[in-house]
Structure formats: C-alpha cells, structure tokens
Amino acid sequence: AKPIIAIVGRPNVGKSTIFNRIIGDRLAIVEDKAGSTRDRLYGSSEWSGKAFNIIDTGGIEINSDDDILRSVRMQAELAIDEADVIIFMVDVKAGITPADLEVSQILFRARKPVILAVNKVDNMQLQEDTYEFYGLGFGEPIAISGSHAIGIGDLLEAAVNSF
Ligand code: GDP
Ligand code: MG
C-alpha cells in the first residue's frame with residue numbers, strides 16, 4: 001500500500017487549500033461513514049517519484065470553541081492511527097493558539113514523524129514570524145503559502161523523505 005500523509009491542524013489554518021493543491025483533480029475517495037458526517041478526505045499524488053495517499057482530516061469543522069478542541073483531538077488521534085507521516089499545520093498570522101497546543105500535546109505521543117508547516121507565509125516579511133513556532137517542539141518549521149503556492153515542494157520533499 002502507498003504511504004499515507006495526514007494533514008492535521010485547527011480549523012482555518014489552510015489544510016484544505018494545501019490538500020487541494022497537492023492532489024489537484026486526483027481526489028480518490030470521499031469517505032461518508034454511515035451515522036457520522038464526512039470527517040476526512042482522501043486523495044493521492046506523488047512527489048520525487050514517490051506515490052502517496054494524503055488525508056485532509058478536517059473534512060467537517062465546527063467552529064464553537066468546545067467543538068474545535070474536540071475536533072482537533074479527533075483529527076490528531078486519527079492521524080496517529082492511520083498516517084505514516086503527519087503534517088501539523090499552523091497559521092503564521094494567528095501565532096500559537098490554545099488549539100495548536102492541544103494538537104501538539106497529542107502529536108508528541110505519536111511514534112511517527114511530524115512535519116510542522118507554517119501556512120499563510122504569503123510574503124518575505126512574514127517569514128521572520130515563523131520562528132516562534134520552533135517553540136512547539138517539532139523542529140524547524142517549513143514556511144508555506146497555500147494561496148500563493150509557496151513552499152509546497154519543500155513540504156512534500158520533507159514528507160516523502162520521512163517514509
Ligand atoms: P482549513 O479549515 O484548515 O481546511 O482551512 P481552509 O483551507 O479552508 O482555509 C481557511 C481560510 O484561509 C480560507 O479563507 C483560505 O482562503 C485562507 N487561506 C488558506 N491558505 C492561505 C494562505 O496561504 N494565505 C492566506 N492569506 N490565506 C490562506
Ligand atoms: Mg478544511
């Protein structure tokens with residue numbers, strides 16, 4: 001089976017934007033579990049000659065504060081179960097939020113590689129704001145911009161190199 005990359009992060013950091021950029025029009029499966037709402041999307045793609053499946057764990061996201069914490073916990077647990085590599089996404093414009101810390105706590109327990117992606121780094125000025133995310137404890141953050149298509153190659157390179 002192909003290795004699986006999961007994208008995890010609180011609502012609105014840009015997970016789906018990146019997911020769509022990575023898979024283009026190659027969406028393979030939209031999982032609709034009976035009795036639950038659609039909670040994740042599966043796609044497939046390849047980078048540097050390495051094929052992979054990728055999960056957008058935030059298929060539905062509810063935006064009340066309680067539900068955000070519940071939903072990010074579920075996403076992180078799911079990623080730990082299913083993925084070979086986890087992309088943990090945060091938002092440079094928001095800084096580190098309580099929900100980011102919640103995700104971090106869970107991902108620390110994962111015996112899987114975690115790649116920290118700082119999204120919405122739309123220009124060079126925002127680049128220096130990525131340093132605070134070292135504080136999350138997942139090593140060097142990779143600066144990306146989903147809407148400007150910046151850094152996605154670097155992100156995928158890091159992901160496929162950890163298979
Ligand atoms: P998700 O909830 O994590 O899946 O986030 P979405 O992909 O739905 O994006 C949430 C919002 O952030 C949308 O309004 C996007 O247009 C916006 N967004 C996504 N990527 C970027 C980016 O790189 N820069 C900026 N400025 N906005 C972005
Ligand atoms: Mg989404």
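Residues numbered from 1 in each chain as written. Chains lettered and ligands numbered in written order. Predicted model: local features only at pLDDT ≥ 70, side-chain atom pairs only at ≥ 80, totals over all residues.

Here we look at the site of ligand 1
No. 1: The local shell around ligand 1 holds 17 residues, among which G14, K15, S16, T17 and G146 are the closest.
No. 2: At three residues, helix α1 (residues 15-23) tops the list of elements feeding residues into the shell around ligand 1.
No. 3: Looking at the shell around ligand 1 residue by residue, the classes come out as two nonpolar, eleven polar and four charged. (Near = placed C-beta within 6 Å. Helix = DSSP H or I, 4+ residues; strand = E, 2+ residues; numbered from the N terminus. Nonpolar A, V, L, I, M, F, W, Y, C, P; charged D, E, K, R; others polar.)

Some points on the pairing of strand β1 (residues 4-8)
No. 1: Burial analysis of β1 places four of its five residues in the buried class, the great majority of the element.
No. 2: Where β1 meets strand β4 (residues 50-56), four bridges bridge the pair, whose relative direction is parallel. Considered in β4, the bridge of I7 is made with D56.
No. 3: Relative to strand β5 (residues 85-91), β1 runs parallel, the two sharing four bridges. Along β5, the bridge assignment pairs I5 with V85. (Buried ≥ 20, exposed ≤ 12 C-beta atoms within 10 Å, placed from the backbone. Pairing = 2+ DSSP bridges.)

Looking at the pairing of β5
No. 1: Most of β5 sits inside the fold, with six of its seven residues counted as buried.
No. 2: Strand direction decides the pairing type here: β5 and strand β6 (residues 114-119), joined by six bridges, are parallel. Counterpart to I86 in the pairing with β6 is V114.
No. 3: One crossover worth recording links β5 to the parallel β6 by way of helix α3 (residues 98-108), and it is right-handed. (Right-handed = clockwise from strand over helix to strand, strands pointing away.)

Comments concerning helix α2 (residues 65-82)
In an α-helix, one turn spans 3.6 residues, which is why side chains three or four residues apart end up on the same side.
No. 1: Between its terminal C-alpha atoms α2 stretches 26 Å, which fits the 26 Å expected from 18 residues at 1.5 Å a residue.
No. 2: Of the positions making up α2, those classed as buried are S71, V72, Q75, A76 and A79. Burial along α2 is one-sided: seen end-on, the buried residues are contained in an arc of 135°. Facing away from the buried side of α2, by more than 90 degrees, are the exposed residues D66 and D81. (Expected span 1.5 Å × (residues − 1). Arc of directions from axis to C-beta.)

A few points about unusual backbone geometry
No. 1: Phi is positive for K120, which is not a glycine, with a value near 70°.
No. 2: The topology assignment puts K120 in the loop between β6 and α4 (124-127).
No. 3: On the basis of neighbour counts, which here come to 22 C-beta atoms within 10 Å, the residue K120 falls in the buried class.
No. 4: Phi at A149 takes a positive value of approximately 55°, unusual for a residue other than glycine.
No. 5: According to the C-beta neighbour criterion, A149 is exposed, with 12 such atoms within 10 Å.

Quick word on α1
No. 1: Taken as a whole, α1 has its buried residues at K15, I18, F19 and I22. Down the axis of α1, the buried side of the element spans an arc of 100°, and every buried residue falls inside it.
No. 2: Of the surrounding secondary structure, the elements contacted by the buried residues of α1 are β1, β3 (41-47), β4, β5, β6 and α5 (152-161).
No. 3: One or two residues past the end of α1 sits G24, with phi positive at roughly 60°. (Contact = placed C-beta atoms within 7 Å.)

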